[in-house]
Amino acid sequence: MSILFENVTAVTMDPAQPVLKDAFVAVEGTQIASVGTERPAGEFERTIDCTGKVMMPGFVNCHTHVPMALMRGYGGGCDLHTWLNDYIFPVEAKLDDWCVAAGAELGLAEMIASGTTCIADMYMNTEIIAQAALKAGISADLACGAVYFGDPADFSPETCNDCENHIRLFENWHGAGDGQILVDASIHAEYTSCPPAWEWVAGFAQKHGLRMHVHVSETLSEHEKCIDKYGTTPAQILDKYGVWQNGGIAAHCVYLSGGDAELFAKRGVTAVHNPVSNLKLRSGVAPLFFLRDCGMSVALGTDGVASNNSHDMFEEMKTAALVQNYSFGEDHSQLSAADILAMATVNGAKALGRDTGVIAAGKTADLILVDFTAPNLFPCHDIMENLVYSANGSNVCMNMARGKIIYEDGEFLTLDLDRIRAEVTGYALPHIFGGK
Ligand SMILES: [Zn+2]
């Protein structure tokens, strides 16, 4: 389909023209065909007047566990390890495919309505998530997050479920939907697995040219226990087994050493900052200035809704900016609104190897419109400042993913929210939490 957006004000993330005014953006098929102040020649199947709205690239949410939407607010008030062991793991043990499908669709609906067009997700029953993402229309890098709690001496890829899950997910889904779905190799974390499992996953990634997705140094205790056990940090012990050979994403990176960050910079690993989840679970604050000074790229993620408790990337941007001011502001000037917007869009796209996150000709048409006539966005002295510090997810009035409008003026065009609600309340919640 061909669509022409006219009267466009846009934050492009393209250094050649960061802010556009009175512009035209043409979309043909899945790509942006042209961007400029001259009306492009030719006929368009639809023309959209963007007066009063601001266009920006759709958000790239680089670390999520989308079905955890079912656990929104569950186990609130705990630190990470109590929350995981006493609340989340027991509930997750009851999840079946139907629950995961309902949770994934609910999470995807929330993401789409608040402007996300691409995610990197790590969770179990991953093929069910792939089906949901394919139908919803957004791009998704999916990972099954290998865990292995057995004796390392007993490890065998034939008996480790997550080895089988990696193989099935890759064979059935890598590249599905003309590249809409990509598969990442993944270890859940250093503390939930062991060297033979790391070696197998690293070998699988290298064999198939896959990126890696791992939780790294999220809490101080995780980081220090790893040093006690292996004599080195999670980033560096995993590197010894070849885990980072193809680059990828390291979620959290709250306690990285300088050596860790330099290693990641060398390997092409992007830090995914999840400030709301880190604050809610009292894990700490990732030192973004330090990571950047060590040469690392930083992207943003919400983490799962169970520790956030939303998928709103506007909230994530504002929190990221404010918490750096609070924690490290004395020694550094403020991260600019443009820096924060880059973390939420183009940096994430680059981390996932996706040609998106920028409004420019030839890029994937992942675009959102934000209603700047809303009271919280008026007046506007600086568009980027309003996007980072004033906007919220409910200001999004259109979401176009891969050239297709999937959400417009409150209406979902690929998902049935009433049916999703019925599946969540009628099946998934009673199944995992009990009761009626
Ligand atoms: Zn996570």
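Visitor: What should I look at first to understand the overall build of the protein in this one?
Guide: Of the regular secondary structure elements, the protein holds 16 helices and 18 strands. With the C-alpha coordinates of the protein rotated into their principal frame, the extents come out at 65 × 50 × 40 Å. Within the protein, buried positions represent 54% of all 436 residues. Within the protein, counting contacts between residues at least 6 apart in sequence, those at least 24 apart form 74% of the total.

Visitor: In this structure, what is going on with the nonpolar core? I would like to understand it.
Guide: Soluble, globular proteins show a tendency: their nonpolar side chains are buried together. Ranked by size, the top nonpolar core spans 149 residues in total, and within it Val25, Met55, Leu108 and Ala250 carry the most contacts. No other element matches helix H2 (residues 97–113), which puts eleven residues into this core. Residue-level mapping places this core at the junction of two domains, with at least three residues from each of domain 1 (2–57 + 358–412) and domain 2 (59–351). Excluding residues within four positions of it along the chain, Leu108 makes contact with Val66, Ala132, Ala133, Ala136, Ile138 and Leu415.

Visitor: Looking at this model, I keep getting lost on the domain arrangement of the protein. Mind explaining?
Guide: Note on interface size: it is often stated as the accessible area lost on association of the parts. Split by domain assignment, the protein resolves into domain 1 (2–57 + 358–412) and domain 2 (59–351). Contacts between the two partners involve 23 residues from domain 1 and, on the opposite side, 25 residues from domain 2. Contributions of two or more residues to the side of domain 1 that touches domain 2 are made by helix H15 (383–390), strand S16 (396–401) and strand S17 (404–408). Among the elements that take part in the side of domain 1 that touches domain 2, H15 stands out by supplying five residues, more than any other. In the side of domain 1 that touches domain 2, the residues fall into 16 nonpolar, three polar and four charged.

Visitor: Would you take a moment to explain the environment of Lys135 for this structure?
Guide: You can see Lys135 is positioned in helix H3 (residues 126–136). Judged by local crowding, Lys135 falls into the partly exposed class, with 13 C-beta atoms found within 10 Å. C-alpha separation for the pair Lys135 and Ile32, spaced 103 residues apart in sequence, amounts to 22 Å.

Visitor: Just checking my understanding: could you explain the sheet that holds strand S6 (residues 59–64) for this structure?
Guide: Sheet strands pair via backbone hydrogen bonds, and the direction of the pair is either parallel or antiparallel. Read across the sheet, four strands follow the order S6-S7-S8-S9 without closing on themselves; strand pairing throughout is parallel. Of all the strands in the sheet, the pair left with one neighbour each is S6 and strand S9 (181–183). Strand-to-strand twist of the sheet, defined as the mean angle between neighbouring strand axes without regard to direction, takes the value 15°. For strand S8 (residues 139–143) and S9, the ladder comprises three bridges, and the chain directions are parallel. Opposite Ala140, over in S9, you have Ile181 as the bridge partner. Its contacts with the sheet place H3 against strand S7 (116–122), S8 and S9, and it is angled at close to 180° to S8.

Visitor: I tried to follow the packing of helix H13 (residues 337–344) against H15 on my own but got confused; where do I start?
Guide: In helix packing, the relevant descriptors are the interaxial angle and the interaxial distance, both defined with respect to the helix axes. H15 packs onto H13 with a crossing angle of 60° between their chain directions and a minimal axis gap of 9 Å. As judged from the angle between their axes, H13 and H15 are oblique. In the packing of H13 onto H15, the handedness of the crossing is left-handed. Across the interface between the two elements, Ala337, Ala338, Ile340 and Leu341 from H13 touch Met384, Glu385, Leu387 and Val388 from H15. Class assignment of the residues belonging to the contact of H13 with H15 gives a composition of seven nonpolar, no polar and one charged.

Visitor: Sorry, what's going on with H15 here?
Guide: Think of an α-helix as turning once every 3.6 residues; residues three or four places apart then point the same way. Those residues of H15 that fall on the buried side of the exposure criterion are Ile383, Asn386, Leu387 and Val388. Each element contacted by the buried residues of H15 is listed here: strand S1 (2–11), strand S2 (19–28), strand S5 (53–57), helix H12 (313–328), H13 and strand S15 (367–371).

Visitor: I'm lost on the environment of Ala202 in this one. Help?
Guide: Mapped onto the fold, Ala202 is located in helix H6 (residues 195–208). Using a count of 22 C-beta atoms within 10 Å as the deciding quantity, one classes Ala202 as buried. Note: C-alpha distance between Ala202 and Tyr241 (39 residues apart in sequence) is 7.0 Å. Residues in contact with Ala202, not counting those within four places in the same chain, are Tyr241, Gly242, Val243 and Gln245.

Rules used throughout
Residues numbered from 1 in each chain as written. Predicted model: local features only at pLDDT ≥ 70, side-chain atom pairs only at ≥ 80, totals over all residues. Helix = DSSP H or I, 4+ residues; strand = E, 2+ residues; numbered from the N terminus. Buried ≥ 20, exposed ≤ 12 C-beta atoms within 10 Å, placed from the backbone. Contact = placed C-beta atoms within 7 Å. Core = buried A, V, L, I, M, F, W, Y, C linked by C-beta atoms within 7 Å. Domains from an automatic or database assignment. Nonpolar A, V, L, I, M, F, W, Y, C, P; charged D, E, K, R; others polar. Pairing = 2+ DSSP bridges. Axes fitted to C-alpha atoms, helices over the stretch in contact; angles between N-to-C directions. Parallel < 35°, antiparallel > 145°, perpendicular 65-115°, else oblique. Left-handed = near helix turned anticlockwise from the far one by under 90°.

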